[in-house]
Amino acid sequence: MSIDACLAELSDLAVDTQPQRVRRRSRDFYWYSPILKRRLDRVTADAVVTPRSEEEVARVLAAAFRHGVPVTARGGGTGNYGQAMPLEGGIVLDLSELTAIEWIEHGRIRVQAGLKMAELDAATIAHSRQELRLHPSTHKTGTIGGYVAGGSSGIGSITWGLLRDRGNILGLRVLTMEERPRALELRGADIQKVNHAYGTNGIITALELPLAPAYRWAELILGFDGLMPAARFADALAREDAILKKLVTVIEAPVPHDWLFPERGIGREETAVLVMVADFATDALLDLLRLHPGRLVWQGLIEEAVGGRLPLFEYSWNHTTLHALKHDRTITYLQTLFPPPRHLEKVEEMATRFGEEVPIHLEFVRFGGQIACFGLQLVRYRSDERLAEIIEEHERAGCPIFNPHAFTLEEGGMKKVDALQLAFKREADPKGLLNPGKMLGWSDPDWKPVERAFLYEAH
Ligand SMILES: Cc1cc2nc3c(=O)[nH]c(=O)nc-3n(C[C@H](O)[C@H](O)[C@H](O)COP(=O)(O)OP(=O)(O)OC[C@H]3O[C@@H](n4cnc5c(N)ncnc54)[C@H](O)[C@@H]3O)c2cc1C
């Protein structure tokens, strides 16, 4: 690779080679995992290039192709398994200046990849009171392209399912990594080639996405005496199709009190259920609560979450772990599927088996047409061996783990890299320069795909 010759060709673009700044923009939230922290701490690019248009993206890709320089895309850098970290150096391609909204229509939007999701929603709400169906809890800092390339689900998944579900992404525009980069417009099944591929087989420059009505969202914290009463309530609420909702989260005591929001009145012994429902659905929600042994702890509107007050969703999904880490640096986490229809039974079994070592955090979602829950359980980390044991025990009990302590697509276990996926990689990135090291099926010919449930099949 000849990085100097490559950068010389791009000298009229925004190129940064200042080592501290480049290092800072070569990382994401990989440090959530003690294993990734050790393995990736030294990773850095040689330069960050920030294109201002799709033409500039194409110029960077063409120059890098000619000089054999790796290119790793970066949106907001909020991925939490080192997805955006340039394992082999080269260029970090910062897409955060690609922020144009091409159009907004009734029910859909076409937008450039670098727009932050909060800014996207602000624009669609102002335009026609519409918003994204799903967003991660990094709504303020994550980009829409980074979410599709590196995320999977989030706030809204209780109604709309996951990003992998047909209809949650309508179209993607992708640039290939070739001598003359081509712009491919992917629709239908082809979208899955690039969805959750960590930018290993094309740079997304624009996306077409469905929109949902933007209601005034009420936020509520409910308190329960015990994990299972809270989980049973959450499951019942998840099944109330006529209650419009965006979030149903369960966080086991004493985490809500000790590490999240003691100022909102939750007791140390109480397991919290965090809920977002349309404001006019609050009565119906409280009516359901009367059938369960829980109490209303706190209530507000998301639009009031300004200044120091965080919206409730910033305590949910991967934010729960972030707050816990602020209090205790030895905490880490899991990503688990508790498969339907026996998900509650499995939650109870795992909670009983691991007790205080693995405090339970559940996110209820619509999963393949059924209600299920993901576990983003906290783990009081002791050693790599113990962490591996905990993961193995979950897998043996029929609860697949999407391993957040691994940085390759295959070991993370969400994306299946099969022959079709590899064929597309050969077409879009023949020299294997896009985010190298993240797709084992490409870099290690001896890699044997494991037989397991994947969140994303390749097509
Ligand atoms: C506190 C916290 C909470 C989170 N909550 C959630 C959640 O609720 N749900 C969820 O799914 N995830 C969650 N995540 C993970 C992550 O924040 C999201 O997936 C986020 O949307 C990633 O967006 P980003 O712009 O920061 O992407 P980055 O981290 O910059 O990139 C993510 C991946 O996509 C690639 N990439 C970025 N842009 C492009 C592009 N234009 N073309 C091709 N490849 C590209 C990168 O190379 C990288 O592999 C969370 C992470 C943290 C730290």
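1. Focus on the site of the ligand
Reasoning step 1: Around the ligand, 38 residues are found, and the nearest of them are G75, G146, G150, G151 and G199.
Reasoning step 2: Those elements that place two or more of their residues in the shell around the ligand are β3 (71-74), α6 (144-150), β10 (203-213) and α12 (317-327).
Reasoning step 3: At 5 residues, α6 tops the list of elements feeding residues into the shell around the ligand.
Reasoning step 4: By residue class, the composition of the shell around the ligand is 13 nonpolar, 23 polar and 2 charged.

2. Observations regarding the sheet that holds strand β12 (residues 245-251)
Reasoning step 1: Spatially, β14-β11-β13-β12-β17-β18-β16 is the arrangement adopted by the 7 strands of the open sheet, whose pairing is antiparallel. Each edge of the open sheet carries a strand with a single partner, namely β14 (294-301) and β16 (336-338). Across the sheet, the mean angle separating the axes of adjacent strands is 25° when strand polarity is ignored.
Reasoning step 2: Of the pairings in the sheet, the one linking strand β17 (residues 361-367) to strand β18 (residues 370-375) comprises 6 bridges and is antiparallel in character. The residue of β18 that forms the bridge with L362 is G375.

3. Let's talk about the domain arrangement of the protein
Accessible area lost during the coming together of the parts is what is often quoted as the interface size.
Reasoning step 1: Here the domain parsing of the protein yields domain 1 (3-94), domain 2 (101-213) and domain 3 (217-302 + 310-396).
Reasoning step 2: Look at where the C-alpha atoms of domain 2 and domain 3 centre, and you get two points 27 Å apart.
Reasoning step 3: With 12 residues of domain 2 at the interface, the matching set in domain 3 holds 15 residues.

4. Some words on unusual backbone geometry
Reasoning step 1: In this chain, A253 is followed by P254 through a cis amide linkage whose omega measures 5°.
Reasoning step 2: Of note, P254 is situated in the loop between β12 and α10 (255-260).
Reasoning step 3: The amide bond that connects P340 to the next residue, P341, takes the cis arrangement and shows omega of 5°.
Reasoning step 4: In this fold, P341 is placed in the loop between β16 and α13 (343-354).
Reasoning step 5: Even without being glycine, H196 reaches a positive phi, approximately 55°.
Reasoning step 6: Tracing the chain through its elements places H196 in the loop between α8 (191-194) and β10.
Reasoning step 7: You can call H196 buried: it has 22 C-beta atoms within 10 Å.
Reasoning step 8: For N435, which is not a glycine, the phi torsion comes out positive at approximately 45°.
Reasoning step 9: Mapped onto the elements, N435 comes out in the loop between α16 (419-428) and α17 (440-443).
Reasoning step 10: C-beta crowding within 10 Å serves as the criterion here: with 29 such atoms nearby, N435 is assigned to the buried category.

5. A word on α13
Reasoning step 1: The end-to-end C-alpha distance of α13, which contains 12 residues, comes to 16 Å, matching closely the 16 Å that a straight helix rising 1.5 Å per residue would cover.
Reasoning step 2: Three or more residues of α13 are buried, namely H343, K346, V347 and M350. The buried residues of α13 occupy one face: seen down the axis, they fall within an arc of 105°. Within α13, the exposed residues directed more than 90 degrees away from the buried face are E345 and T352.
Reasoning step 3: Considering only its buried residues, α13 is in contact with α9 (227-238), β16, β17, β18 and α14 (384-396).

What counts, and at which threshold
- Residues numbered from 1 in each chain as written.
- Predicted model: local features only at pLDDT ≥ 70, side-chain atom pairs only at ≥ 80, totals over all residues.
- Near = placed C-beta within 6 Å.
- Helix = DSSP H or I, 4+ residues; strand = E, 2+ residues; numbered from the N terminus.
- Nonpolar A, V, L, I, M, F, W, Y, C, P; charged D, E, K, R; others polar.
- Pairing = 2+ DSSP bridges.
- Axes fitted to C-alpha atoms, helices over the stretch in contact; angles between N-to-C directions.
- Domains from an automatic or database assignment.
- Contact = placed C-beta atoms within 7 Å.
- Buried ≥ 20, exposed ≤ 12 C-beta atoms within 10 Å, placed from the backbone.
- Expected span 1.5 Å × (residues − 1).
- Arc of directions from axis to C-beta.

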